[in-house]
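# Residue-level structural notes
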Amino acid sequence: MTITQDDLRYDPDRKLKVVGTTPIKPDGVDKVTGRAKFGADVHLPGMLVGKVLRSPYAHAIIESIDTSAAEALAGVKAVVTRDDFPELPPGEFRNISCNFMAREKAFYDGHAVAAVAATSERIAKKALKLIVVDYQVLPHVIDVMDAIKPDAPILFEDMVTQGMDPARGGPTNIVQRKEFTMGDADAGFAEADIIVERVFDTKPMHQGYIEPQACVANYTEDGQTELWCCTQGHFIYRTRLAAVLKMDISKIRVTQSELGGGFGGKTMFYIEPVAIALSRKANRPVKITLTRNEVLRATGPVAGTHSRIKMGMTKDGKFTAAEAELYFQTGPFTGSAFVNAPQAMFTRYDLQNIRAVGYEVVSNRPKVNAFRAPCVPQVVFGVEGVIDELAKKIGMDPIDLRLRNAAVEGYETIYGATFGPVGFVETLEAAKAHPHYTAPLGANQGRGVATGFWFNRGGETTASLNITPDGTVTLLLGNPDVAGSRVSICMMVAEELGIGVDKVRPIIGDTSTLGFNRVTAGSRVTFSAGIAVVLSARKAIKILCQRAAMMWDVPEDGVVFEDGHVRPASSNVGDFEPLSIADIAKKATETGGPIAGHAEIVAEGAGPGFGCHIVDVEVDKETGAVKIVRYTVVQDAGKAIHPHQVEGQYQGAAAQGIGWALNEEYIYDQDGRMENAGFLDYRIPVASDLPMIDTVIIEVPNPLHPYGLRGVGEVPLVPTMAAIANAIDDAIGIRPRSLPMSPPKVLKLIEEAAEGRDRA
Amino acid sequence: MAKSHVTTTVNGDEYEFLCDTEQTLLDILRDELLLTGTKEGCATGDCGACSVMLDGCLVCACLVLGVEAAGKSIETVEGLAHGDELHPLQQKFLEHNGAQCGICTPGMLIAAKALLEVEPDPSETEIRYWLAGNLCRCTGYDKIIRAVMAAAEEMREVRS
């Protein structure tokens, strides 16, 4: 009988030896010695340097591009423009193509318009200056609410808003409208004793990975291409590259480097098709490495939002209805994943009446990319602020109010799924019991709490496990490890096979080694690859049992696998010394050949994740500067396979959220040019900005995973900005409703309060 | 323009290279000497990923010209371990999971080593301010700071 993922269910009685410990990760030594190869760390013989010419205008028609002088420069081996890429029909691939190389128009400051490959970086830079682009500059629009005004500059004359009934014709910058409802929001608000309705704004920010995108492409005369790059999903890169370059998928081999941070920002390519086109033209390998300025101007960012959020509650603290109207910036092209927001923003509360409408809006900014729980933290900033206000109105403890309304197993969500066992209540109770929650506060300090939810994902996943002749294991995986998945996956294999984790050696295979793997995103990989490798291991164990039975000449059902050994199932079978994996592997040739297990699945059963953050801030009332004094993340991981990796996700996401809350934003001048395209002016949190970040891992097992785990990477960003806003409100008595809560903005709130204005 | 001929010492080994005047020490290390352990995150001295020691001074290799390395002694992450023995900082980064994606790790290690050379017993606050020029986007710095504190403690014990 074949084993399938349906046979892999959580076993609460299982004794664990490896899962739950903290071994050193297999990629660790390479990372502390400088050996690990990241995107920019590859050099091929004859390799050229590629550089990209970018639009200095936020919105301009490209009348013509003259590359003749650049092509004539000694050392220049190829120049490409829009003419070097196939025309594609309207749709996703055309949008991707128009983003990595502008066609009729440049849509943002930094939009690629041409690229060169030369024998040195100096020559490549010189060549860029020789390219003459004739632009017709157009009026531009940056902000989401400006872009929907009737007189706003229009990016696409033929744009029609999808999802409007009746369909709203052009000209418009609204790409689409999506509405999600459950129950009857109007009836719910009619039952409410208290209604709070507020407006919130968030700014686009950048994922902020420290490794700029880099790739090396090598196109050969027989029409094959090899690509080395830093990506969260080399398989989806391959699929999209084939589409935008009109190549066969099998002729593109993508090898993923170690990934120097992505957080969603390396789920879509920018330079890779350009490098391939340059290599094709030059017949030599081409490397492109982005500068930080290019990273900030032309990759990412995260969607900014404008949102109106309304919630109703009875006077004893039961939520009766929720409503939201949400506007998302997507840059010039659709793809913000904004539909996550209306489906996730209220999900964790036992609400029966919800109406949430989202709009996706184009403007002259870089095309947005994913970031941890794409589009959800921005709007939870508002939801958790409104809930905090509701708690204050009835004088209820903010965690108690959330507990009063917490969704539990059996809750039917707005997106159609019904919750299985979930850990929201356990998470809230642990937060309330944490010493942080009752610790005394100092002068000018305030405390805030907020919660978050993420669906967690599964999807296409493959793995191949080979037992070597000495009984150790090599493991081929298909997902880039964005920080900690590899070790956790190896631990599950070690647990299954009853061997040490150091006996499992993983590699991430290139796109030609395994079947398709969905991108590393959505908190899916440790969950999904966990299922795939457990399935692979159990298939291998079945073969090990068959081989042992053959060696002993007993029936296959006369043996069992326990603690890394095959043993007779009972004394009736015979008196045999247990066989280790190595004992059986040694005889593999005689018993039927090499022993392996592999899996190609669509992983299902991802269990939703919930978190609650507690933060203390101190506000400098002279300057408006906010200091994070103490931070605690409480989150349900289902089961922490490797607790350090889980803690690292909680802590890192919280730090990113602190940056988003307090500092990070894109600043544009009046011509639509980004003014802070560097790490000095686009300031992400540094070590001296932060305290230690305490973590509490809650474990409410996911019954649909063999070790009970839930994804953990997205949730810990979701509540952060709201928790900090709530803490600032607690400290100064005024609630910030606009990100970032930077010193000038907080100071203005303090001054307005001092003047006695009523901001409610 | 003619290139300059430069002789320098990297991790105790003598190297010679030809250098354009505008090439930085970071360009030279990575693209000419193929010592890619030192990382580029910004090339403007803001992220610390390219931290190296230059004649005993902690510098961003992106802010030093290649020609300035002439006659100097450079230490990079590739020189931290001795034989198969990792530096205590490397070992503690492993044990505390101080390296998540690992791109900032070489710079962090070099900067932390420079700190422990001048202050063997730094407080948490001193470590945080010393490493404020080394950006990390993965960890929230918590496990990095703990790894440095643990390494400092171990190095003090070895010394005493």
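Residues numbered from 1 in each chain as written. Chains lettered and ligands numbered in written order. Predicted model: local features only at pLDDT ≥ 70, side-chain atom pairs only at ≥ 80, totals over all residues. Heavy atoms only, no water.

## Structural notes on the sheet that holds strand β23 (residues 595-603) of chain A
All names here are of chain A. The four strands lie next to each other as β19-β18-β17-β23, forming an open sheet whose pairing is mixed. Taken across any chain shown, the strands that pair with only one partner, and hence form the sheet edges, are β19 (504-508) and β23. Averaged over neighbouring strand pairs, the angle between their axes works out to 15° when direction is ignored. Sheet topology note: the strand β17 (residues 459-467)/strand β18 (residues 473-477) ladder contains five bridges and is antiparallel. The residue of β18 that forms the bridge with Leu465 is Leu475. Where helix α15 (residues 485-497) meets the sheet, it contacts β17, β18 and β19, and its direction lies at approximately 135° from that of β18. (Pairing = 2+ DSSP bridges. Helix = DSSP H or I, 4+ residues; strand = E, 2+ residues; numbered from the N terminus. Axes fitted to C-alpha atoms, helices over the stretch in contact; angles between N-to-C directions. Contact = heavy atoms within 4.5 Å.)

## Let's talk about the interface of chain B and chain A
Counting residues at the interface gives 50 residues for chain B, matched by 50 residues for chain A. In this assembly, chain B packs against chain A so that about 4200 Å² is buried in total across both faces, 57% of it on carbon and sulfur atoms. Considering only the side of chain B, the residues that lose the most area to chain A are B:Leu94, B:Gln100 and B:Arg137, jointly responsible for 19% of the buried surface there. The partner of B:Lys39 in a salt bridge is A:Asp41, and the shortest N-O contact between them spans 2.4 Å. Our enumeration of links across chain B and chain A arrives at 26 residue pairs in polar contact (both at pLDDT 80 or more). (Buried area = accessible area lost by both parts, 1.4 Å probe. Salt bridge = Lys/Arg side-chain N within 4 Å of Asp/Glu carboxyl O. Polar contact = N/O pair within 3.5 Å; in protein donor to acceptor, adjacent residues only side chain to side chain.)

## Overview of the domain arrangement of chain A
Residue and element names in this part refer to chain A. The assigned domain composition of chain A is domain 1 (5-36 + 458-603) and domain 2 (376-456 + 607-754). Spacing between the C-alpha centres of domain 1 and domain 2 amounts to 37 Å. With 28 residues of domain 1 at the interface, the matching set in domain 2 holds 23 residues. In total, domain 1 and domain 2 occlude about 2000 Å² of area from one another, counting both sides; carbon and sulfur atoms represent 63% of this. When the buried surface of domain 1 facing domain 2 is broken down by residue, Tyr10, Ser523 and Phe527 rank first, second and third, together holding 32% of it. Put simply, domain 1 and domain 2 have zero salt bridges between them. (Domains from an automatic or database assignment.)

## Quick notes on the pairing of strand β3 (residues 51-54) of chain B
Residue and element names in this part refer to chain B. Alternating positions in β3 separate into two faces, Ser51 and Met53 on one and Val52 and Leu54 on the other, with burial throughout. Pairing geometry for β3 and strand β4 (residues 57-60), over four bridges, is antiparallel. Looking at β4, one finds that Ser51 is bridged to Cys60. Count of turn residues in the β3/β4 antiparallel hairpin: two residues, of which Asp55 carries a positive phi of about 50°. Pairing of β3 with strand β5 (residues 73-75), which is carried by two bridges, proceeds in the antiparallel orientation. Across the sheet, residue Met53 finds its bridge partner in β5, namely Glu75. (Buried < 20%, exposed > 50% of the residue type's maximum accessible area, 1.4 Å probe, protein only.)

## Quick look at the environment of A:Phe424
Residue and element names in this part refer to chain A. Mapping Phe424 onto the fold places it in helix α13 (residues 424-433). Given the relative accessible area of 0%, Phe424 is considered buried. Measuring from C-alpha to C-alpha, the distance between Phe424 and Gly609 comes to 7.9 Å, with 185 residues separating the pair along the chain. Apart from residues no more than four positions distant in its own chain, Phe424 is found in contact with Arg348, Tyr349, Ala406, Ala407, Thr451 and Phe610.

## Here we look at the domain arrangement of chain B
Residues and elements named next belong to chain B. According to the domain assignment, chain B consists of domain 1 (4-79) and domain 2 (88-159). For domain 1 versus domain 2, the distance between C-alpha centres works out to 22 Å. At the boundary of domain 1 with domain 2, total buried surface from both sides reaches about 1000 Å², with 64% on carbon and sulfur atoms. If you look at where domain 1 meets domain 2, you find one salt bridge. Its salt-bridge partner being Lys113, residue Glu75 comes within 2.8 Å of it at the nearest N-O pair. Viewed at the interface, domain 2 and domain 1 are joined by five residue pairs in polar contact (both at pLDDT 80 or more). Top contributing element to the side of domain 1 that touches domain 2 by residue count: β3, with three residues.

## Concerning the side chain of A:His111
With respect to the element layout, A:His111 can be found in the loop between β4 (105-106) and β5 (112-118). Excluding anything up to four places from it in sequence, A:His111 contacts A:Leu53, A:Arg54, A:Ser55, A:Cys98, A:Asn99, A:Met101, A:Ala102, A:Lys105 and A:Ala106.

## A short note on the packing of aromatic side chains
All names here are of chain A. Scanning the entire structure with this criterion turns up 26 aromatic pairs over all chains. Between Tyr57 and Tyr135, the ring centres sit 5.0 Å apart and the planes meet at 70°, which makes this aromatic pair edge-to-face. Taken together, the residues span a long stretch of sequence, with Tyr57 in the loop between β1 (48-54) and β2 (60-66) and Tyr135 in strand β6 (residues 132-137) at a distance of 78 residues. The class of Tyr57 is partly exposed, set by a relative accessible area of 27%. Between Tyr666 and Tyr682, the aromatic rings sit 6.0 Å apart at their centres with planes inclined by 75°, giving edge-to-face as the arrangement. Within this pair, whereas Tyr666 is found in the loop between α19 (643-662) and β26 (693-698), its partner Tyr682 is found in the loop between α19 and β26, the two being separated by 16 residues in sequence. (Phe/Tyr/Trp six-rings, centres within 6.5 Å; stacked < 30°, edge-to-face > 60°.)

## Points about the environment of A:Pro90
Here A:Pro90 shows up in the loop between β3 (76-80) and α3 (92-100). Sequence spacing of A:Pro90 and A:Gln656 is 566 residues, and the spatial spacing of their C-alpha atoms is 35 Å.

## A look at the pattern of salt bridges
Summed over the entire model, instances satisfying the criterion amount to 64 salt bridges over all chains. In the salt-bridge network here, residues are joined through shared partners; they are A:Arg198, A:Asp388, A:Glu389, A:Lys392, A:Asp729, A:Arg735 and A:Arg737.

## Things to note about the nonpolar core
In terms of nonpolar packing, the biggest core is built from 191 residues, with A:Met311, A:Phe346, A:Val617, A:Ile724, A:Met741 and B:Leu131 touching the most fellow members. Those residues in contact with A:Phe346, other than ones at most four positions away along the chain, are A:Ile309, A:Met311, A:Ala322, A:Glu323, A:Ala324, A:Leu351, A:Ile354 and A:Val383. If you look at the next biggest cluster of nonpolar residues, it comprises 54 residues, including A:Val473, A:Met491, A:Val493 and A:Ala603. (Core = buried A, V, L, I, M, F, W, Y, C linked by side-chain atoms within 4.5 Å.)

## A few points about the sheet that holds strand β22 (residues 579-580) of chain A
Residues and elements named next belong to chain A. Read from one edge to the other, the open sheet built from three strands follows the order β20-β21-β22, with strand pairing classed as antiparallel. The open sheet terminates on both sides in strands that have one partner only, identified here as β20 (559-562) and β22. Sheet topology places β20 next to strand β21 (residues 565-568); four bridges connect them, and they run antiparallel. For Val560, the partnering residue across the bridge sits in β21 and is Arg567. Across the sheet, helix α16 (residues 525-552) touches β20, β21 and β22, and the angle it forms with β20 is around 130°.

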